[in-house]
Amino acid sequence: MAPQLDGYFKQVDTLSSHFIERLRKAVAIPSISADEERRPDVVRMGAWLADELTALGAQVEQRPLGRQPGKEHLDLPPVVIARYGSDKNKRTILVYGHYDVQPAGKEDGWATEPFDLTIDDKGRMYGRGSTDDKGPVLGWLNAIEAHQKAGVDFPVNLLMCFEGMEEYGSEGLDDFINAEAKKYFADADAVCISDNYWLGTEKPCLTYGLRGCSYYSVELSGPGQDLHSGVFGGTAQEPMTDLVRILGSLVDTDGKIQIPGLAELVAPLTEEEKSLYDNISFTMDNLYESLGSQTSIYPDKENTLMGRWRFPSLSVHGVEGAFSQPGAKTVIPAKVIGKFSIRTVPNMEPEDVDRLVFKYVDEQFKKLGSKNTMKCTLQHSGKWWVASPKHWNFSAAGKAVERVWGVKPDLTREGGSIPVTLTFEQATGKNVLLLPMGSSTDAAHSINEKLDKRNYIEGIKLLGAYLHYVAEEPMTS
Ligand SMILES: C[C@H](N)C(=O)N[C@@H](Cc1c[nH]cn1)C(=O)O
Ligand SMILES: [Zn+2]
Ligand SMILES: [Zn+2]
């Protein structure tokens with residue numbers, strides 16, 4: 001089966017340095033979607049990607065997505081869409097990824113410059129976006145190039161959709177996908193997304209579920225300007241004090257969310273589901289390794305996997321306006337904005353979550369009896385997604401994993417969120433598969449994010465092999 005793969009694999013190995021250089025160029029563009037000042041870099045990154053695709057012979061468009069909601073002075077970065085091949089006798093696979101990244105600065109504690117790809121003697125390639133999601137996005141481009149240079153026929157038509165706002169809630173993309181589902185994306189037979197991670201470092205997986213994410217701000221304000229704490233401490237009610245107490249009331253040390261009614265929205269655990277966790281190759285040592293500590297909530301694998309995949313969690317992310325530099329500045333901040341998010345799961349409807357959150361935060365604030373002003377708002381939300389892995393799209397990916405990695409993949413769910421996954425599924429009516437490239441130790445969103453050279457190069461082979469097996473699968477739906 002798929003006999004041309006040997007030639008393709010050999011070519012990927014031959015081109016490995018070139019592919020790493022391509023990743024280096026991508027990482028060097030600080031395409032941070034959450035930072036207004038970096039918006040030109042996000043746009044530059046999209047343009048660079050479009051140029052690379054054009055050079056490979058794809059038909060590329062950069063489509064505008066309009067103004068950013070709530071920040072109308074800013075244009076959203078364009079979505080880069082491309083088509084490679086239009087042979088009516090071939091299947092068409094739609095792939096999605098994102099070219100924006102999370103914020104990163106050396107001062108956060110990175111050991112290397114975050115936007116300078118740095119490879120250590122173990123082949124770990126450090127850089128913001130290396131695993132999330134520039135490495136996987138380039139994986140598709142590299143697969144095209146290796147086919148061309150190996151003289152191996154590309155087995156499918158490829159439709160590509162790469163966005164620049166995923167790390168900021170995929171603003172504008174839902175409308176675009178819905179509008180193009182029966183136009184640009186009309187030919188798609190299935191969808192594949194490479195934007196999540198293995199559970200450990202050795203065993204690949206195919207992923208059929210994601211948590212949703214509802215992200216909130218709580219703004220506390222009072223004084224007209226920042227104040228001297230010696231002069232005004234003890235005379236003015238402090239916004240930061242109120243905020244800390246509200247944030248501290250949301251969740252306990254063991255991750256139990258304190259918002260009444262939220263737990264009742266979660267689908268009950270069935271006996272059948274319980275038995276699934278047993279067979280997953282995952283150990284607490286895998287968790288400790290990626291956590292970098294042993295500070296886990298649960299001592300066992302089953303509860304840990306359930307805590308990540310099938311129960312909601314609430315995380316407090318930061319406070320805008322608070323003093324955060326080293327030193328001992330004696331300021332009373334006049335306005336502070338706390339940020340927290342809830343990872344949502346079946347059957348939590350985002351509107352119900354919002355209602356419960358707003359009610360609870362309001363009650364907590366009222367209890368404080370503060371004269372300050374509080375405003376709690378939703379920044380963005382994306383819904384959870386769970387699909388059936390019993391589809392030719394998953395069978396093809398399973399065969400590709402066995403061919404490249406020599407093992408059957410685990411079937412996993414993911415604790416993170418990719419808001420447009422559900423949109424692609426509903427808008428196109430096609431099966432969506434998540435096919436990760438990176439591993440559990442990649443530290444996406446964290447300092448020292450990396451992608452192992454082995455995962456990148458074998459991952460390029462995997463994406464290409466998947467397309468070959470897709471072409472061979474009997475079409476059942
Ligand atoms: C899993 C994916 N690579 C990812 O990191 N997604 C983000 C999406 C998001 C949601 N709100 C803001 N960004 C994530 O799970 O945090
Ligand atoms: Zn991310
Ligand atoms: Zn991502």
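Here the structure is a predicted model, which means the values were calculated and not measured.

Describing the overall build of the chain
Next up, step 1: When helices and strands are counted, the chain shows 14 helices and 20 strands.
Next up, step 2: For the chain, the C-alpha radius of gyration of 23 Å lies close to 23 Å, the compact-globule estimate for 477 residues.
Next up, step 3: Across its three principal directions, the C-alpha atoms of the chain cover 80 × 50 × 45 Å.
Next up, step 4: Buried positions account for 56% of the 477 residues belonging to the chain.

Structural notes on the domain arrangement of the chain
Next up, step 1: Structurally, the chain comprises domain 1 (6–210 + 385–472) and domain 2 (212–266 + 311–382).
Next up, step 2: Using only C-alpha atoms to locate each centre, domain 1 and domain 2 end up separated by 34 Å.
Next up, step 3: Across the boundary between the two partners, domain 1 contributes 9 residues, which contact 7 residues of domain 2.
Next up, step 4: Here domain 1 and domain 2 share an interface that buries about 560 Å² over both sides, 51% of which is from carbon and sulfur atoms.
Next up, step 5: Looking only at domain 1, the three residues that lose the most surface to domain 2 are Tyr168, Gly169 and Ser417, adding up to 47% of its buried area.

Things to note about the sheet that holds strand 13 (residues 313–320)
Next up, step 1: Pairing is antiparallel across the open sheet formed by 4 strands, whose spatial order is 13-15-11-16. One side of each edge strand has no neighbouring strand; the edge strands of this open sheet are strand 13 and strand 16 (373–382). Pairwise comparison of adjacent strand axes, ignoring direction, gives a mean angle of 20 degrees for this sheet.
Next up, step 2: By the bridge criterion, 9 bridges tie strand 11 (residues 212–221) to strand 16 in an arrangement that is antiparallel. Residue pairing across strands places Tyr216 opposite Leu378, the latter belonging to strand 16.

What about the pattern of salt bridges?
Side chains carrying opposite charge are able to pair once their charged atoms draw close together.
Next up, step 1: In the structure shown here, the tally under the stated rule is 30 salt bridges.
Next up, step 2: Residues Arg63 and Glu180 are paired through a salt bridge, measuring 2.9 Å at the closest nitrogen-oxygen approach. In this pair, Arg63 is assigned in strand 1 (residues 59–63) and Glu180 in helix 5 (residues 173–180), connecting sequence segments 117 residues apart.
Next up, step 3: Take Glu180: its relative accessible area is 9%, and that puts it in the buried class.
Next up, step 4: The partner of Asp442 in a salt bridge is Lys450, with the nearest N and O atoms 2.8 Å apart.
Next up, step 5: Overall, the relative accessible area of 4% leaves Lys450 in the buried class.
Next up, step 6: Salt bridges here are not isolated pairs; linked through shared partners, they connect Arg22, Glu52, Glu145 and Lys149.

Re the coordination of the zinc ion (ligand 2)
Next up, step 1: The protein atoms that coordinate the zinc ion (ligand 2) are Asp132 (OD), Glu167 (OE), Glu167 (OE) and His445 (NE2), at distances of 1.9 to 2.6 Å.
Next up, step 2: Expressed as a motif, the donor residue spacing for the zinc ion (ligand 2) is D-x34-E-x277-H.
Next up, step 3: Between the two metal centres, the zinc ion (ligand 2) and the zinc ion (ligand 3), the spacing is 3.4 Å, with Asp132 acting as a shared donor. Of this pair, Glu167 sits in the loop between strand 8 (157–163) and helix 5 while His445 sits in the loop between strand 19 (432–434) and strand 20 (450–452), placing them 278 residues apart in sequence.

Quick notes on the sheet that holds strand 20
Next up, step 1: Ordered by their spatial adjacency, 3 strands build an open sheet running 6-7-20, and the pairing between neighbours is antiparallel. With one partner strand each, in any of the chains shown, strand 6 (118–119) and strand 20 form the two edges of the open sheet.
Next up, step 2: Two elements, strand 6 and strand 7 (residues 124–126), share 2 bridges in a ladder whose sense is antiparallel. Paired with Ile119 across the bridge in strand 7 is Met125.

Points about the nonpolar core
Next up, step 1: With 67 residues, the main nonpolar core has Ile93, Leu158, Phe162, Leu435, Tyr456 and Tyr466 as its most contacted residues.
Next up, step 2: When near neighbours in sequence (up to four residues on either side) are disregarded, Tyr466 contacts Ile93, Trp140, Val191, Cys192, Asn393, Ala396, Ala397, Ala400, Leu433 and Leu435.

Points about the site of ligand 1
Next up, step 1: Every residue close to ligand 1 is listed here: Asp132, Glu166, Glu167, Asp195, Tyr197, Cys213, Arg343, His380, Gly416, Ser417, Ile418 and His445.
Next up, step 2: Contact distances for ligand 1 include 3.1 Å between a nitrogen atom and a side-chain N or O atom of Glu166.
Next up, step 3: Contact distances for ligand 1 include 2.8 Å between a nitrogen atom and a side-chain N or O atom of Asp195.
Next up, step 4: When the free accessible area of ligand 1 is taken as 400 Å², the share hidden by the protein chains comes to 94%.
Next up, step 5: Classifying every residue of the shell around ligand 1 by side-chain character gives 3 nonpolar, 4 polar and 5 charged.

Some remarks on the layout of surface pockets
Next up, step 1: Within this model, the second largest pocket holds a volume of roughly 480 Å³.
Next up, step 2: Lining the second largest pocket we find 18 residues, and of these Tyr208, Glu273, Leu276, Pro389 and Leu411 sit closest to its centre.
Next up, step 3: Contributing elements (two or more residues each) for the lining of the second largest pocket: helix 8 (271–278) and strand 18 (410–414).
Next up, step 4: Tallying contributions element by element places helix 8 first for the lining of the second largest pocket, with 4 residues.
Next up, step 5: Its residues assigned to classes, the lining of the second largest pocket comprises 10 nonpolar, 3 polar and 5 charged.

Structural notes on helix 11 (residues 350–368)
Since the α-helix advances by 3.6 residues per turn, residues separated by three or four positions end up pointing in the same direction.
Next up, step 1: With 19 residues, helix 11 extends 27 Å between its outermost C-alpha atoms, agreeing within 8% with the 27 Å of an ideal straight helix rising 1.5 Å per residue.
Next up, step 2: Every buried residue belonging to helix 11 is among Pro350, Val353, Asp354, Leu356, Val357, Tyr360, Val361, Gln364 and Phe365, and all of these are buried.
Next up, step 3: After helix 11 finishes, the residue Gly369 shows a positive phi value of roughly 65 degrees.

Describing the coordination of the zinc ion (ligand 3)
Next up, step 1: Protein-derived ligands of the zinc ion (ligand 3) are His98 (NE2), Asp132 (OD), Asp195 (OD) and Asp195 (OD), with the metal-ligand distances lying across 2.0 to 2.7 Å.
Next up, step 2: The sequence pattern formed by the donor residues of the zinc ion (ligand 3) is H-x33-D-x62-D.

Re the pairing of strand 3 (residues 71–75)
Next up, step 1: Sheet topology places strand 2 (residues 67–68) next to strand 3; 2 bridges connect them, and they run antiparallel. The residue of strand 3 that forms the bridge with Arg67 is Asp75.

Criteria and thresholds
- Residues numbered from 1 in each chain as written.
- Chains lettered and ligands numbered in written order.
- Predicted model: local features only at pLDDT ≥ 70, side-chain atom pairs only at ≥ 80, totals over all residues.
- Heavy atoms only, no water.
- Helix = DSSP H or I, 4+ residues; strand = E, 2+ residues; numbered from the N terminus.
- Rg over C-alpha atoms; globule rule 2.2 N^0.38 Å.
- Buried < 20%, exposed > 50% of the residue type's maximum accessible area, 1.4 Å probe, protein only.
- Domains from an automatic or database assignment.
- Contact = heavy atoms within 4.5 Å.
- Buried area = accessible area lost by both parts, 1.4 Å probe.
- Pairing = 2+ DSSP bridges.
- Axes fitted to C-alpha atoms, helices over the stretch in contact; angles between N-to-C directions.
- Salt bridge = Lys/Arg side-chain N within 4 Å of Asp/Glu carboxyl O.
- Donors = N, O, S within 2.8 Å, 3.2 Å for Na, K, Ca; no water.
- Core = buried A, V, L, I, M, F, W, Y, C linked by side-chain atoms within 4.5 Å.
- Near = heavy atom within 4 Å.
- Polar contact = N/O pair within 3.5 Å; in protein donor to acceptor, adjacent residues only side chain to side chain.
- Areas by Shrake-Rupley, 256 points an atom, 1.4 Å probe, with all protein chains shown as cover.
- Nonpolar A, V, L, I, M, F, W, Y, C, P; charged D, E, K, R; others polar.
- 1 Å grid on protein atoms, 1.4 Å probe; cavity = no way out; pocket = protein on both sides within 12 Å on 5 of 7 lines; lining within 4 Å.
- Points joined across faces, edges and corners; volume = space filled by probe spheres on them.
- Expected span 1.5 Å × (residues − 1).

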